[in-house]
Amino acid sequence: SQQGEEDPQALSIQEGENATMNCSYKTSINNLQWYRQNSGRGLVHLILIRSNEREKHSGRLRVTLDTSKKSSSLLITASRAADTASYFCATDAQGAQKLVFGQGTRLTINP
Amino acid sequence: SAVISQKPSRDICQRGTSLTIQCQVDSQVTMMFWYRQQPGQSLTLIATANQGSEATYESGFVIDKFPISRPNLTFSTLTVSNMSPEDSSIYLCSVGVGGANEKLFFGSGTQLSVL
């Protein structure tokens, strides 16, 4: 069964704006990860946040984790056309190495 | 990190036939994972392939339908057998890296259409 529920399912913004995507999960986790998928191809790992961390940054990416609410958010600042992709959260709820992916958010950046 | 070469990148197949997807990794890895992504959906784990042992299949997936080979630590194949239109999906192989194999690296995917 799917662990992660992502919201919104689709997001369309203007280039330069910030994009925020949310992920909720159901069971305890050790870590939560975000991946990007361009045009139905292979996924690319973006960032991993552990259950004892609340916030993490990587370049224009900022991830937060609230284990009390079982939720995470991914913020992309100063968006670019190249950020257009689907973004998935993934948790290790079924144990290490067996990631369970959310439904994904389709992000479109309009020039 | 790991670089994974997956092929074919896409194929159109007839109902009842089989397709074998190959993944080659540029380094030795213990575990390889095969995922399916149905149109507009998320990824679902099909099975975990360990070198030297039988693959471990997730609920809803069986070896007769998705036989997997793992002859060495850098290579694996997934066969989609006796295909039907419902098998039309993207199939992805991946490997874990990092201390606990936490992060996954993915092949570029195989887009399969069954007529």
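Rules used in this analysis
- Residues numbered from 1 in each chain as written.
- Chains lettered and ligands numbered in written order.
- Predicted model: local features only at pLDDT ≥ 70, side-chain atom pairs only at ≥ 80, totals over all residues.
- Heavy atoms only, no water.
- Disulfide = S-S within 2.5 Å.
- Helix = DSSP H or I, 4+ residues; strand = E, 2+ residues; numbered from the N terminus.
- Contact = heavy atoms within 4.5 Å.
- Pairing = 2+ DSSP bridges.
- Axes fitted to C-alpha atoms, helices over the stretch in contact; angles between N-to-C directions.
- Core = buried A, V, L, I, M, F, W, Y, C linked by side-chain atoms within 4.5 Å.
- Buried < 20%, exposed > 50% of the residue type's maximum accessible area, 1.4 Å probe, protein only.
- Buried area = accessible area lost by both parts, 1.4 Å probe.
- Salt bridge = Lys/Arg side-chain N within 4 Å of Asp/Glu carboxyl O.
- Polar contact = N/O pair within 3.5 Å; in protein donor to acceptor, adjacent residues only side chain to side chain.
- Nonpolar A, V, L, I, M, F, W, Y, C, P; charged D, E, K, R; others polar.

Peer 1: I'm lost on the state of the cysteines in this one. Help?
Peer 2: Working definition of a disulfide: a covalent bond connecting the sulfur atoms of two cysteines. Residue and element names in this part refer to chain A. Tallying each qualifying case throughout the model produces two disulfides over all chains. Across the disulfide, Cys23 is cross-linked to Cys89 (sulfur-sulfur distance 2.0 Å). When the S-S torsion is 70 degrees, as for the bridge of Cys23 with Cys89, the disulfide is right-handed. Within this pair, whereas Cys23 is found in strand E3 (residues 19-24), its partner Cys89 is found in strand E9 (residues 85-91), the two being separated by 66 residues in sequence.

Peer 1: Before we go on, may I ask you to explain the environment of B:Gln41 in this structure?
Peer 2: Relative to the helices and strands, B:Gln41 resides in the loop between strand E4 (31-37) and strand E5 (43-50). For the pair formed by B:Gln41 and B:Ser27, sequence separation is 14 residues and the distance between their alpha carbons is 30 Å. In this view, B:Gln41 contacts A:Phe88 and A:Gln103; residues no more than four positions away in its chain are not counted.

Peer 1: What should I look at first to understand the sheet that holds strand E3 (residues 19-25) of chain B in this one?
Peer 2: Strand pairing in a sheet takes place through backbone hydrogen bonds and is either antiparallel or parallel in direction. Residues and elements named next belong to chain B. Here four strands make up an open sheet; going across it, the order is E1-E3-E8-E7 and the pairing antiparallel. Either end of the sheet is taken by a strand with one partner, and the two such strands are strand E1 (4-7) and strand E7 (68-72). If you compare each strand with its neighbour and ignore which way they point, the axes differ by 15 degrees on average. Of the pairings in the sheet, the one linking E7 to strand E8 (residues 75-80) comprises three bridges and is antiparallel in character. Bridge pairing in E8 places Asn72 opposite Phe75.

Peer 1: Please explain the nonpolar core as it appears in this structure.
Peer 2: A general trend in soluble globular proteins is that nonpolar side chains are found buried together. Residues and elements named next belong to chain B. In this structure, Trp34, Ile46, Phe66, Ile68, Leu78, Tyr91 and Leu112 are the most contacted members of the largest nonpolar core, which totals 27 residues. When contributions to this core are tallied by element, the ones reaching two or more residues are E3, E4, E5, E8, strand E9 (89-97) and strand E11 (110-114). Apart from the residues lying within four places of it in its own chain, the contact partners of Ile68 are Trp34, Ala47, Ala49, Ala55, Tyr57, Ser76, Thr77 and Leu78.

Peer 1: Could you clarify how one ought to interpret the interface of chain A and chain B in this entry?
Peer 2: Where interface size is quoted, it is often the accessible area lost as the parts come together. Taken together, the contact pairs 21 residues of chain A with 24 residues of chain B. With both chains or domains summed, chain A and chain B bury close to 1,800 Å², and 47% of this area falls on carbon and sulfur atoms. Taken together, chain A and chain B are joined by zero salt bridges. Summed over the shared surface of chain A and chain B, the result is five residue pairs in polar contact (both at pLDDT 80 or more). For the side of chain A that touches chain B, the secondary structure elements donating two or more residues are strand E4 (31-37) and strand E5 (43-50) of chain A. Here the residues of the side of chain A that touches chain B are counted per class, giving seven nonpolar, eleven polar and three charged.

Note that all results are geometric; they support no functional claim without further evidence.
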